[in-house]
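# Per-entry structural report
Below are the chains, spelled out letter by letter.
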Amino acid sequence: MIREVEPSTPSEYILKGVVHATIGQQTGNREHLKMAQQCFQLVGTSAHECDTIPGRQCMASCYFLMKQFDDVNIYLNSVKAYMYNDDDFNFNHGIALASTRNYKTAEEALLLIHNEAYKAEYVYISWLARCYIMNGNPRSAWELYLKMTSSNESFNLLQLIANDCYRVSLSFLCLQLAYTPLRWDTSSSQRRPLTCSSVSIQTQSIGREREVPVSVCFS
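Within every chain, residues take consecutive numbers counted from 1 along the sequence as written. Totals for whole chains, interfaces and linings use all residues, but because this is a predicted model, local features are given only for residues with pLDDT of at least 70 and pairs of side-chain atoms are given and counted only at 80 or more. Excluded from the side-chain calculations are hydrogens and water; all other atoms, namely the structure's heavy atoms, are used.

### Describing the nonpolar core
Among the buried residues, those of types Ala, Val, Leu, Ile, Met, Phe, Trp, Tyr and Cys that are joined through side-chain atoms within 4.5 Å form a nonpolar core. For every residue, the accessible area (1.4 Å probe, protein chains only) is compared with the maximum for its type, and the residue is labelled buried under 20%, exposed over 50%, or partly exposed between those bounds. In terms of nonpolar packing, the biggest core is built from 39 residues, with Val72, Leu110, Tyr124, Leu157 and Ile161 touching the most fellow members. A run of DSSP states H or I qualifies as a helix once it reaches four residues; a run of E qualifies as a strand once it reaches two. Both are numbered from the N-terminal end. Within the residue set of this core, elements represented by two or more residues are helix 3 (53-65), helix 4 (69-79), helix 5 (87-99), helix 6 (103-111), helix 8 (122-134), helix 9 (138-146) and helix 10 (152-167). At nine residues, helix 8 tops the list of elements feeding residues into this core. We call two residues in contact whenever any of their non-hydrogen atoms come within 4.5 Å of each other. Excluding residues that lie within four positions of it along the chain, Leu157 makes contacts with Tyr122, Ile125, Ser126, Ala129, Leu144, Tyr145 and Met148. Within the second largest apolar cluster, eight residues are counted, among which are Leu33, Ala36, Cys62 and Leu65.

### Regarding the packing of helix 3 against helix 4
Lines fitted to the C-alpha atoms define the axes, with helices restricted to the stretch that makes contact. Angles between their N-to-C directions range from 0 to 180 degrees. Look at helix 3 against helix 4: their axes get within 8 Å of each other, and the N-to-C directions meet at 160°. Comparing their axes, helix 4 and helix 3 come out roughly antiparallel. Relative to helix 4, the crossing made by helix 3 is left-handed. Taken together, the residues of helix 4 that come into contact with helix 3 (itself represented by Ile53, Arg56, Gln57, Met59, Ala60, Tyr63 and Phe64) are Phe69, Asp71, Val72, Tyr75, Leu76, Ser78 and Val79. Split into classes, the residues belonging to the contact of helix 3 with helix 4 amount to 10 nonpolar, two polar and two charged. Orientation categories follow fixed angle ranges, with anything under 35 degrees roughly parallel, anything over 145 roughly antiparallel, 65 to 115 roughly perpendicular, and all other angles oblique. By convention the crossing between two helices is left-handed if the near helix lies anticlockwise of the far one by an angle smaller than a right angle, and right-handed if it lies clockwise. Note on residue categories: nonpolar means Ala, Val, Leu, Ile, Met, Phe, Trp, Tyr, Cys or Pro, charged means Asp, Glu, Lys or Arg, and polar means any other residue, Gly included.

### Considerations on the state of the cysteines
A pair of sulfur atoms, both from cysteines and within 2.5 Å, is called a disulfide here. Inspection of the entire model under this criterion finds zero disulfides. In this structure Cys58 is a free cysteine whose sulfur lies 9.1 Å from that of Cys62, the closest cysteine sulfur available.

### Points about the layout of surface pockets
Both cavities and pockets are sets of points on a 1 Å grid over the protein atoms alone; in a cavity a 1.4 Å probe fits but cannot get out, in a pocket the set is open with protein on both sides within 12 Å along at least five of seven lines, and lining residues sit with an atom within 4 Å of a point. Grid points are joined across faces, edges and corners, and a volume is the space filled by probe spheres set on the points. A volume near 990 Å³ is recorded for the largest pocket. When contributions to the lining of the largest pocket are tallied by element, the ones reaching two or more residues are helix 1 (10-27), helix 2 (30-44), helix 3, helix 4, helix 5 and helix 8. Here the lining of the largest pocket gets seven residues from one element, more than from any other, and that element is helix 3. Within this model, the second largest pocket holds a volume of roughly 180 Å³. Every residue lining the second largest pocket is listed: Leu111, Ile113, Lys119, Tyr124, Ile125, Leu128, Tyr132, Ser140, Glu143, Leu144 and Lys147. Residue assignment for the lining of the second largest pocket shows that the elements contributing at least two residues are helix 8 and helix 9. If you tally residues by element for the lining of the second largest pocket, the top one is helix 8, at four residues. Tallied by class, the residues present in the lining of the second largest pocket amount to seven nonpolar, one polar and three charged.

### Describing the side chain of His20
By secondary structure assignment, the location of His20 is in helix 1. Residue classification places His20 among the buried residues on the basis of a relative accessible area of 1%. Polar contacts, as used here, are pairs of N or O atoms within 3.5 Å; protein pairs need one atom able to donate a hydrogen and one able to accept it. Residues neighboring in sequence count only if both atoms are side-chain atoms. Here the side chain of His20 touches His32 through a polar contact of 2.9 Å, side chain to side chain.

### Some words on helix 4
If you check which residues of helix 4 are buried, you get Phe69, Val72, Asn73, Leu76 and Val79. Considered in projection along helix 4, the buried side chains sweep an arc of 130° and stay on one side of the axis. Turned more than 90 degrees away from the buried face of helix 4 sit Asp70 and Ile74, all of them exposed. In the core, the buried residues of helix 4 are packed alongside helix 3 and helix 5. Note: the arc covers the axis-to-C-beta directions of the helix.

### Notes on the packing of helix 1 against helix 2
The contact between helix 1 and helix 2 brings their axes to 7 Å, and the two run at 155°. Taken together, helix 1 and helix 2 sit at an angle that is classed as roughly antiparallel. In this structure, helix 1 crosses over helix 2, and the sense of that crossing is left-handed. Contacts from Pro10, Tyr13, Ile14, Lys16, Gly17, Val18, His20, Ala21, Ile23, Gly24 and Gln25 of helix 1 reach helix 2 at His32, Leu33, Met35, Ala36, Cys39, Phe40, Leu42 and Val43. Residues of the contact of helix 1 with helix 2, tallied by class, amount to 13 nonpolar, five polar and one charged.

Here it is, written out as structure tokens:
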């Protein structure tokens, strides 16, 4: 139905862009994502909208779909003062900041979100966990995992925590990760990556003290 709509105002272009972006992200259809980018770009670059809050958000959305997160942050930072309590804004800004390794500011943005539905999404939980780890607070990342019920998403989060802790040389979680498979009814092929990750964390800690090379074992 939206394909038959010919927008004539900025708000109509934005609506069409949002619909295409939603469908594209849910289905992985690149044509919808391309249409969304075009709609957002038309609004964001127009003479009447380029310096407005909606116009700058449109450019941020366009670059977000293109995964050009440095550009996303430029536009979102320019309107941040007006969007402080907006959960949608903080969700997108937090992810864009984390994607450019601005983990401290990303954590602050994500923690501003109040919408419980957003906070229950795996995308939110996984990015917040990564921010916690990169900011030297692995305990909080671990607590996010413990609050989840056993599922594919919680298993994926566990792997993310293990790998990110290894990347930043944190040995805090090695014991927890070693025993976590007991919570799962998994095959040996699923247990091995977690065991390797936990052993790698501990081994790197020992290797650092003895100044010997350490092997890496990731999933």
